[in-house]
Amino acid sequence: MTDIVDVPLLKLDPDLPSPSYAHPGDAGADLYARHDVELGPGERAVVPTGVAIALPEGWAAFVHPRSGLAARHGVTVVNAPGTVDAGFRGEIHVILLNTDLRQPVRLARGDRIAQLVLQRVAQARFTEVQDLSESARGTGGLGSTGGWKTAGAGGED
């Protein structure tokens, strides 16, 4: 069953819809563009959403790209996911990027531009140590597990 958390919402633009879920059980609530925006090829813009929220302590909201915008137009969220901390009370903005190198993208006021996902969070108590315990993975990172075949490497396809 899905947790329900009460989140006070301040609408800074009363003509825009409030964040909402498209389908029952969806993880992300849609966020809407407060202004028209045109993103040229490779351009980014900070787009206001017309809403501010007051998350309870122990929660954070994360701004995720919309898959339809990404698939059809190459639009993504630059700092995906963007983090909205519980103490933040300002307007939520979305940093959009047009990854298409040929076509501009025009988004109109009221278009759905991102999704807001709420999650419980914990804070770490960092304790400085001299060594870390061993693990199966060890220090491997940045592609150390493979998962792709490099074309032309060693004559393999």
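Residues numbered from 1 in each chain as written. Predicted model: local features only at pLDDT ≥ 70, side-chain atom pairs only at ≥ 80, totals over all residues. Heavy atoms only, no water.

A.B. asks: How should I be thinking about the sheet that holds strand E4 (residues 44-48) in this particular structure?
C.D. replies: Backbone hydrogen bonds are what pair the strands of a sheet, in a parallel or an antiparallel way. Across the sheet, which stays open at both edges, the three strands sit in the order E4-E9-E7 with antiparallel pairing between neighbours. In this open sheet, the two edge strands, each paired with only one partner strand, are E4 and strand E7 (75-77). Going across the sheet, the axis of each strand differs from the next one's by a mean of 35°, ignoring polarity. Bridge analysis of E4 against strand E9 (residues 93-98) gives five bridges, and the strand direction is antiparallel. Each residue of the ladder has a partner; that of Val-46, found in E9, is Ile-95. (Pairing = 2+ DSSP bridges. Helix = DSSP H or I, 4+ residues; strand = E, 2+ residues; numbered from the N terminus. Axes fitted to C-alpha atoms, helices over the stretch in contact; angles between N-to-C directions.)

A.B. asks: I tried to follow the environment of Leu-10 on my own but got confused; where do I start?
C.D. replies: Within the secondary structure, Leu-10 sits in strand E1 (residues 9-11). The sequence separation of Leu-10 and Ala-86 amounts to 76 residues, and the corresponding C-alpha distance is 14 Å.

A.B. asks: Help me understand the UniProt feature "domain: dUTPase-like" (unreviewed entry) in the protein chain in this model?
C.D. replies: Per the UniProt record, "domain: dUTPase-like" (unreviewed entry) is annotated on residues 17-146. The span residues 17-146 shows a helical share of 5% and a strand share of 35%, and its end C-alpha atoms are spaced 44 Å apart. (UniProt positions renumbered as here; feature names shortened; annotations may be inferred.)

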